[in-house]
Amino acid sequence: MNAEMLYALRDVAGVPSHPVLFLILGVLTFALHILAVQVMLGASGLVIWGALSKAAYQRQLAQAMLGVAKIAVSVAVVLGVAPLLFVQVIYDPFWYTSNVLSAWWVIGFIVILTVAYLLMYFFYAKNHHLATQKTICPGSMILSLALMLVVGFIMHVLTYQMLSPDQWMQWYAPNGEIDASGRKLHDYNGWRFGFFISLSVLVISGWLFAYRHYISHRTDVDNGYLQWLKGLATVLSLAGGIVALAFGIGWMATLPDSQAAFGFSPWVGLAAVLISLTAVMPKLIGSRVNAPLFGYGLFGLAAITGIVVAIAREVLRWNILFGDFGYNALDYPVNMDWYSTLLFFGTFVIIGGLVLSYFLTVAWQAGQTDGVYTPSPAVTRLGNLSILLITLWIIHFFVLGLWVWLR
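The text that follows walks through the structure, step by step, so that each part is easy to find.

Quick notes on the rules
- Residues numbered from 1 in each chain as written.
- Predicted model: local features only at pLDDT ≥ 70, side-chain atom pairs only at ≥ 80, totals over all residues.
- Heavy atoms only, no water.
- Helix = DSSP H or I, 4+ residues; strand = E, 2+ residues; numbered from the N terminus.
- Rg over C-alpha atoms; globule rule 2.2 N^0.38 Å.
- Buried < 20%, exposed > 50% of the residue type's maximum accessible area, 1.4 Å probe, protein only.
- Areas by Shrake-Rupley, 256 points an atom, 1.4 Å probe, with all protein chains shown as cover.
- Lys, Arg positive; Asp, Glu negative; His and termini not counted.
- Charge placed at Lys NZ, Arg CZ, Asp CG, Glu CD.
- Contact = heavy atoms within 4.5 Å.
- Phe/Tyr/Trp six-rings, centres within 6.5 Å; stacked < 30°, edge-to-face > 60°.
- Lys NZ or Arg CZ within 6 Å of the ring centre and 35° of its normal.
- Axes fitted to C-alpha atoms, helices over the stretch in contact; angles between N-to-C directions.
- Parallel < 35°, antiparallel > 145°, perpendicular 65-115°, else oblique.
- Salt bridge = Lys/Arg side-chain N within 4 Å of Asp/Glu carboxyl O.
- Polar contact = N/O pair within 3.5 Å; in protein donor to acceptor, adjacent residues only side chain to side chain.
- Left-handed = near helix turned anticlockwise from the far one by under 90°.
- Nonpolar A, V, L, I, M, F, W, Y, C, P; charged D, E, K, R; others polar.
- Expected span 1.5 Å × (residues − 1).
- Bend = angle between axes of the 7 residues up to and from the residue.
- Patch = residues over 30% accessible without salt bridge, like charges linked within 9 Å, V, L, I, M, F, W, Y side chains within 5 Å.

### Considering the overall build of the protein chain
- The helix and strand tally for the protein chain stands at 13 helices and 0 strands.
- Secondary structure of the protein chain in N-to-C order comes out as α-α-α-α-α-α-α-α-α-α-α-α-α.
- A compact globule built from 407 residues should have a C-alpha radius of gyration of about 22 Å, and the protein chain, at 23 Å, falls within 12% of that.
- Principal axes of the C-alpha set define a box for the protein chain whose edges measure 65 × 55 × 40 Å.
- Among the 407 residues that make up the protein chain, the fraction classed as buried is 43%.
- Accessible surface, the protein chain: about 20600 Å² in total, of which carbon and sulfur atoms supply 73%.
- With 18 positive and 15 negative side-chain charges, the protein chain shows a separation of 19 Å between the mean positions of the two kinds.

### Let's talk about the environment of A76
- Within the secondary structure layout, A76 lies in helix α3 (residues 56-90).
- Look at A76 and you get buried, because its relative accessible area is 6%.
- As for A76 and A36, which are separated by 40 residues in sequence, their C-alpha atoms are 5.0 Å apart.
- Here A76 is in contact with H33, A36 and V37, once residues within four sequence places are set aside.

### Brief notes about the packing of aromatic side chains
- Per the counting criterion, the structure on display carries 28 aromatic pairs.
- For the pair W49 and W228, a centre-to-centre distance of 6.1 Å together with 10° between the ring planes defines the contact as stacked. Here W49, found in helix α2 (residues 19-51), pairs with W228, found in helix α9 (residues 223-253); they are 179 residues apart in sequence, far enough to count as distant.
- Relative accessible area serves as the criterion here: at 37%, W49 is assigned to the partly exposed category.
- We classify W228 as partly exposed; its relative accessible area is 23%.
- Consider the rings of Y225 and W228, whose centres lie 6.1 Å apart with planes at 20°: the pair is stacked. One end of the pair, Y225, and the other, W228, are both in helix α9, 3 residues apart, so they sit about a helical turn from each other.
- For Y225, a relative accessible area of 0% gives the class buried.
- Here a set of aromatic residues connected by ring pairs shows up, and it is made of F22, F86, F344, F345 and F348.
- For the cation-ring pair, K70 lies above Y124, with the distance from its terminal atom to the ring centre recorded as 4.5 Å.
- Above the ring of F30, the side-chain terminus of R313 is found at 3.8 Å from the ring centroid.

### Let's talk about the packing of α3 against helix α8 (residues 190-215)
- Remark: α3 packs on α8, axes separated minimally by 13 Å, with the N-to-C direction vectors making an angle of 110°. As judged from the angle between their axes, α3 and α8 are roughly perpendicular. Note on element contacts: α8 touches α3 through I204, W207, L208 and Y211, opposite L61, A64, M65 and V68.

### Things to note about the pattern of salt bridges
- A full pass over the atoms with the stated rule returns 4 salt bridges.
- The residue D220 makes a salt bridge to R218 at a minimum N-O spacing of 3.1 Å.
- Of the residues examined, D220 reaches a relative accessible area of 54% and is grouped as exposed.
- Using a relative accessible area of 28% as the deciding quantity, one classes R218 as partly exposed.

### A closer look at the side chain of Q38
- Tracing the backbone shows Q38 in helix α2.
- A polar side-chain atom of Q38 sits 3.1 Å from the main-chain carbonyl oxygen of F196.
- Beyond its immediate sequence surroundings of up to four residues, Q38 is in contact with F196, L199, S200 and V203.

### Let's talk about the packing of α2 against α3
- With their axes 6 Å apart at the nearest point, α2 and α3 run at an angle of 160° to one another. The angle between α2 and α3 falls in the class roughly antiparallel. The element α2 and its partner α3 pack so that their crossing is left-handed.
- When its residues are assigned to classes, the contact of α2 with α3 shows 31 nonpolar, 7 polar and 1 charged.

### With respect to helix α5 (residues 103-126)
- The end-to-end C-alpha separation of α5 is 35 Å, in line with the 34 Å expected for 24 residues at 1.5 Å each.
- Of all the bends in α5, the greatest, near 30°, is centred on F109.
- Among the residues of α5, those classed as buried are G108, F109, I112, L113, A116, L119, M120 and F123.
- Buried residues in α5 make contact with α2, α3 and α6 (138-161).

### Some words on α9
- Across its 31 residues, α9 extends 45 Å between first and last C-alpha, which sits within 8% of the 45 Å expected from 1.5 Å per residue.
- The opening residue of α9 is D222, an N-cap whose side-chain oxygen sits 2.9 Å from the backbone nitrogen of G224.

### A look at a nonpolar patch on the surface
- Judged by side-chain polarity, F344, F345, F348, V349 and I350 come together as a nonpolar surface patch covering roughly 470 Å² of accessible area.
- With respect to the element layout, F345 can be found in helix α12 (residues 338-367).
- Residue F345 is classed as partly exposed on the basis of its relative accessible area, which comes to 30%.

### Section: the environment of E314
- Structurally, E314 is set in helix α11 (residues 292-324).
- The class of E314 is buried, set by a relative accessible area of 8%.
- Setting aside its immediate chain neighbours within four residues, E314 contacts L23, V27 and Y91.

### Considerations on unusual backbone geometry
- Within the chain, C137 stands out as a residue other than glycine whose phi angle is a positive 50°.
- Its identity is not glycine, yet N175 carries a phi of approximately 55°, on the positive side.
- By secondary structure assignment, the location of N175 is in the loop between α7 (168-172) and α8.

Here you go:
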């Protein structure tokens, strides 16, 4: 597959704004998406650990993390749409080819994800009092987590296959026999997949420190539980950092010969330093973890680490597609569309910012309140305004679509 063929597979309509915009947004939204995925995986693991235990603190934590896991899935799904769209815009020859080669799994992705989410909700519905009562059907939560990992592996394969256009013909017609079934997953890198999965241990440790600080002001929380959480999060942080670094080294060691030098690049070095710093930071700050800056800051540090990892991942993809196959995503023809560009940022900043502010305000105040939480008039107005803007956006969406259709 030469560069001319790859360029011929591009969308002739071009892109509605400069490709660098899609590149930056793709990295940023991927970082946010994978952060939500890692919170979900880590929280799900803690739920299973607690559900299979008789220890009171483990079961109390499992109760709390079950709520975190089911919300994290929805956040991960919503945030996961954005990087997929940006990849489809500037890397469409690679992404669509990879999807067609494994089409059966692309369709199966939706089905498996749906079943996994339903199983998690089934477990949630059967275990509203997980902290104090016997666990009902723990297998549903275990199977849910297993299927979530399968879903992640499918996405890993699709992303990995797009980096090997020189293999596409062999996968499509092995030994000259066309295989159009789309039933095979053709290529993967267990080290790379394991690296992103193992980061969930490091991320959930930061989440536990934030959770610990969040509930520390409540009068109904046992101080022994808070101390136990601190010890658990510290252990997870160190273990997660070590395992992630091991998988990261394995990933870099298995890069193609043409990209072997990338393992010694500044981006990889910076990511390794941040992973190490995130892992040892709880030990370094000691009792200062009780301060708000560090209580919440450790999760923030994990998020920054995730962004740097996402940048390094994108640099590697760029190096492979441009360096090995001559494809430059930044020379994609631009057919400037100011309306859709402004609509995207307006939606993201105004509606997204307002709704997120409302959710965070309610979540924060509810968690700091003993007994039943009643929002203030100002918070209620913020919620009503969020609903109004979303309604207006939906009406605008259909009116605009109708206008375009009638033209």
